[in-house]
Amino acid sequence: MSKSNIFQNIPKKLEQEFFEDIVAKKGLKIERIVSFGHTTNENEWYDQESNEWVILLQGEAVLSFEDDQDVALFAGDYINIPAHKKHRVSWTKENVQTIWLAVHY
């Protein structure tokens, strides 16, 4: 068995958000996402086939939903996003690594 650390081995220069699968198998995916002032493109929405539970481990972010609801997230906050609930990352704190842990199920 080998161990890893969620806060280590993050690329230094990020042109866009960094996505890394930690576990991926049928019906379940756990991924680490790192933002550094990144957002989803203005007119793009995530419309996922599965539910997504996400926790913000470090940093700050705002998730926007198609129904004009915004949810501010701070370290330790988590949210469960139902399948096909259109959403986007509309803000992450600049000059800070925002680290997410997402579980797709």
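Refer to the structure presented above.
Remember, predicted model here, so these are calculated numbers, not experimental data. (Residues numbered from 1 in each chain as written. Predicted model: local features only at pLDDT ≥ 70, side-chain atom pairs only at ≥ 80, totals over all residues. Heavy atoms only, no water.)

1. Topic: the pairing of strand β3 (residues 52-58)
Consideration 1: Note that β3 and strand β6 (residues 78-81) share 4 bridges and pair antiparallel. For V54, the partnering residue across the bridge sits in β6 and is I79.
Consideration 2: The sheet contact formed by β3 and strand β8 (residues 98-104) spans 6 bridges and is antiparallel. Directly across from E52, in β8, lies its bridge partner H104. (Pairing = 2+ DSSP bridges. Helix = DSSP H or I, 4+ residues; strand = E, 2+ residues; numbered from the N terminus.)

2. Here's the deal with the layout of surface pockets
Consideration 1: Considering only enclosed or pocket space, the largest pocket measures out at about 200 Å³ in volume.
Consideration 2: Listing elements by their share of the lining of the largest pocket, those giving two or more residues are β2 (28-35), β3, β7 (87-92) and β8.
Consideration 3: In terms of residue count, β2 provides more of the lining of the largest pocket than any other element does, 3 residues in total.
Consideration 4: Split into classes, the residues belonging to the lining of the largest pocket amount to 8 nonpolar, 3 polar and 4 charged. (1 Å grid on protein atoms, 1.4 Å probe; cavity = no way out; pocket = protein on both sides within 12 Å on 5 of 7 lines; lining within 4 Å. Points joined across faces, edges and corners; volume = space filled by probe spheres on them. Nonpolar A, V, L, I, M, F, W, Y, C, P; charged D, E, K, R; others polar.)

3. Describing the sheet that holds strand β1 (residues 18-25)
Hydrogen bonds between backbone atoms are what pair the strands of a sheet, whose relative direction is either parallel or antiparallel.
Consideration 1: Taken in spatial order, the 5 strands make up an open sheet running β1-β2-β8-β3-β6, and their pairing is antiparallel. The two strands at the open ends of the sheet, each matched to only one other strand, are β1 and β6. Ignoring which end each strand starts from, the neighbouring axes of this sheet average 20 degrees apart. (Axes fitted to C-alpha atoms, helices over the stretch in contact; angles between N-to-C directions.)

4. Things to note about the sheet that holds β7
Consideration 1: Spatially, β5-β4-β7 is the arrangement adopted by the 3 strands of the open sheet, whose pairing is antiparallel. One side of each edge strand has no neighbouring strand; the edge strands of this open sheet are β5 (70-74) and β7. Sheet twist, expressed as the average angle between the axes of neighbouring strands with direction ignored, equals 25 degrees.

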